Structure formats: structure tokens, C-alpha cells
Amino acid sequence: MSEEIEGQIAPEKKRLDIKKLLKSVLAFKSSDLHLVVGSEPQIRIDKELRALNLPVLDAKDVEEMAYSLIEDKQKKEFEEHNELDFSFELENIGRFRANYYRTIHGIACAFRMIPIEIPTLDEYGNPPIFKELIKKEKGLILVTGPTGSGKSTTLASMLHEINMTERRHIITIEDPVEFVHKNNKSLFSQRDVGSNTASFAAALKYALRQDPDIILIGEMRDAETIGAALTAAETGHLVFGTLHTNSAPGTINRIIDVFDGEAQAQVRAQLATSLVAVISQTLIPRIGSGKVASQEILITNPAIANQIREDKVHQIYSQMQLNQQETKMTTQTQQLLEFMQKNIISKENAIKNSNRPEELIKVLENL
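Here we summarise the structure given alongside this text.

Reading guide: rules and limits
Residues numbered from 1 in each chain as written. Predicted model: local features only at pLDDT ≥ 70, side-chain atom pairs only at ≥ 80, totals over all residues. Heavy atoms only, no water. Helix = DSSP H or I, 4+ residues; strand = E, 2+ residues; numbered from the N terminus. 1 Å grid on protein atoms, 1.4 Å probe; cavity = no way out; pocket = protein on both sides within 12 Å on 5 of 7 lines; lining within 4 Å. Points joined across faces, edges and corners; volume = space filled by probe spheres on them. Buried < 20%, exposed > 50% of the residue type's maximum accessible area, 1.4 Å probe, protein only. Polar contact = N/O pair within 3.5 Å; in protein donor to acceptor, adjacent residues only side chain to side chain. Contact = heavy atoms within 4.5 Å. Core = buried A, V, L, I, M, F, W, Y, C linked by side-chain atoms within 4.5 Å. Axes fitted to C-alpha atoms, helices over the stretch in contact; angles between N-to-C directions. Parallel < 35°, antiparallel > 145°, perpendicular 65-115°, else oblique. Left-handed = near helix turned anticlockwise from the far one by under 90°. Nonpolar A, V, L, I, M, F, W, Y, C, P; charged D, E, K, R; others polar.

### So, the environment of T231
Looking at the element boundaries, T231 is found in helix α8 (residues 223–234). Sequence-wise, T231 and Q270 are 39 residues apart; in three dimensions their C-alpha atoms are separated by 8.0 Å.

### Some thoughts on the layout of surface pockets
The volume enclosed by the second largest pocket comes to roughly 500 Å³. Together, 18 residues line the second largest pocket, and Q74, D85, F86, D192 and S195 are the ones closest to its centre. Listed by contribution, the elements that provide at least two residues to the lining of the second largest pocket are α4 (72–81) and β4 (83–90). Broken down by element, the lining of the second largest pocket gets its largest block of residues, 7 residues, from β4.

### Structural notes on the side chain of T242
Checked against the element boundaries, T242 lands in strand β11 (residues 238–243). A relative accessible area of 7% means that T242 is categorised as buried. Here G218 takes part through its backbone oxygen, which lies 2.5 Å from a polar atom of the side chain of T242. Residues contacting T242, with those up to four places away along its chain left out, are V143, K151, L155, I217, G218, E219 and M220.

### Focus: the nonpolar core
Ranked by internal contacts, the top residues of the largest apolar core, which has 59 residues, are M158, F240, I252, L271, L275 and L298. Setting aside residues up to four positions removed in sequence, L298 forms contacts with A248, I252, L275, V276, A277, V278, I304, I316, M320 and M329. One finds L35, F78, I107 and F111 within the second-largest nonpolar core, a separate group that totals 32 residues.

### Examining the packing of helix α14 (residues 332–341) against helix α16 (residues 357–365)
Helix packing geometry: the angle between the two helix axes and the distance between the axes. Following both chains from N to C, one finds α14 and α16 inclined at 45 degrees, their axes separated by 10 Å at the closest point. One way to sum up the angle between α14 and α16 is to call them oblique. Regarding α14 and α16, the two cross each other, and that crossing is right-handed. When α14 is examined against α16, the residues T333, L336, L337 and M340 are found in contact with a partner set consisting of E359, L360, V363 and L364. Across the contact of α14 with α16, the residue classes break down as 6 nonpolar, 1 polar and 1 charged.

That's the geometry; what it means functionally is another story.
Following this line, the structure appears as C-alpha cells:
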């Protein structure tokens, strides 16, 4: 724990004010705040948890802070299900995504900090190909990666770019809504699953009647949602979605495997026709401080589409390695090597975060 953190938040015996705590935590540029009974409040900075110099929380501390942020309806839902996902904004402080859950010792809370100002694609350091992808009239663009890999920020930046340049109707279906977009050239209809619609699948069913140009699906969790997304992408809409997968080819397998054997051939055909790109990313600590997004990029071309259709997904990775200046694809291994050569990340963190560590180690040994 740094002296800076110790110096700025001093221990006190009185009950903590969650709003003041969240405001203080933002000053450390952390990504998350955790409140767990039996521990001081802890924050995450550059992937590492750091305990704040505050009193250890008891069950009453956490319950009071948790319930001070929610309405009676949300309290009832939490007490019935012992889980609650929601997002909220505190005036002059910031926007947050929250998850409440129960442990053996009482309520626990996890808060994710969400920037109110949405970064542009250039500010977020995304490659130029992203600006080409968002100009597509139809198809499916997937941004994948583990929890905390920056998927939401990448998608928000892509939609923000469209908002600045195109006149489109954009429907977002999220659980919960994270980044709130202000209408510029585009028109946004943002829907919160649970509050504004019963489910992703229900919202998608009716979305096609709401004259959208673009649909964002916060998470493609099940066959019904994935099927509806593929149909929307096939019928003239640009669809953005997310999955918790660690590689671009692995994403295609995950989608296909969600369906029963008899339906898989149809799904492969739909993917071959509608898939535009898969961006699989992870956040890696920079040398010094901060994080950088490592992005594996698959862009569907006739060869890739044929491999999907013919159930040869295992050959896609090799295809991604060919003629990359022309195809504008990249593998994670190649980007990690580039980051190491530019002294952006350490070798240790590159190997730790690689989705193909054996391949990376072998390449490093041959350099």
C-alpha cells in the first residue's frame, strides 16, 4: 500500500459515507472498490488490490453503505435473490457499476468505476481498422475477453465514434447500462435489463420493430440471445456483442457450442455470412504504471468464412497469421511481442496474460 494512499485517507471510527468513499477512491484512478466484512475497503490499481488505511468493516458498516445507494425495489430484489447488479451516477462524483452479493459474514459490494466522458477510439489507442469496422452497414462485431478487460470501454468508444460521424438509431441492451451516451448525430435508446426490459432475448425480439440501425448486446449469454443476434445481423443491422472468451477463434467455438448438435450447422452458416470481426482483448500492466489493451483481431474474409462454414475453426488461427498487412488481422502473440519490443510491458506480464504462452515462449527463445 503506497504512502500516498495512507496519507490521503486516514482511519476514523465513525461510520463511513459511501459517497465520500467513492469520491476519494476516484482520486487514486482505481478501477474497482471492494467492501467485504472483516477487511478494510480495498481498491484495485493496475490489476492489484490495495487495502485503504481505514477501519476494518463489520456487517453493519457494509449494510448501511450498500442500502444507502439503492431504492426499496432494489433492496427487495437483493433480499429475495442475494444478488443485485445495477449502475448509478453520483452528481459531481462519477458513474459506477455495482454488484451486491452475500457471503457467510454478510453483504459484500463490488463497485466498478465508469468514465462519464467516453474516450474516442484515438484516445483509447485503438488501431485504425476499428474506424473501418464501424462503417459497416450490417453484420456482427464481437468484443471479447475476461471480466475487467475493457470490453465495455472499447464498445463505448466505437459507438461514440459512430455518434460523432453517422446519423444512426442505436439501441443498447445492457445489464446494467454502463456508459451513458448523449445524442449527437446519432439517436440512442439505452435499455437496462430488469428495469426496462425482461431479458436480452425479449429486448432483441422487439428491437427489430424499433427501427434500429445498430444494436449493442451487453452480453450474449444463451442460445436464444445469440440466435436473435445472428438473425438481426443477417437482416441488415450492425450488431455489437460481448462474450467472456480469451481468443478470437475460441469465440467462434463458444458460439457454436452453445447450440445443440443439429442446430450447429445452421449457426456455422449464419456466422460465416454475418460475422464481421472478433476483437479479443485483455488489459496488461504497463511498465511504470497504468494498463494497455492487448487486442487479437480477426476479420472475416472469404477464407475465414469458408473455414467457419466447413467446421474447420481450428485452422483459423493459421489463417490469421497470413498476409496481415493486407488482411489487417493480428494475433495476440504478435501484439505482445510488439509491446515488449517497445518496452511497454514486461516479459513476465506478457507470458502471464498470453492466451498461447507456449507459443510466445518459443518465439522469445528464437529471437
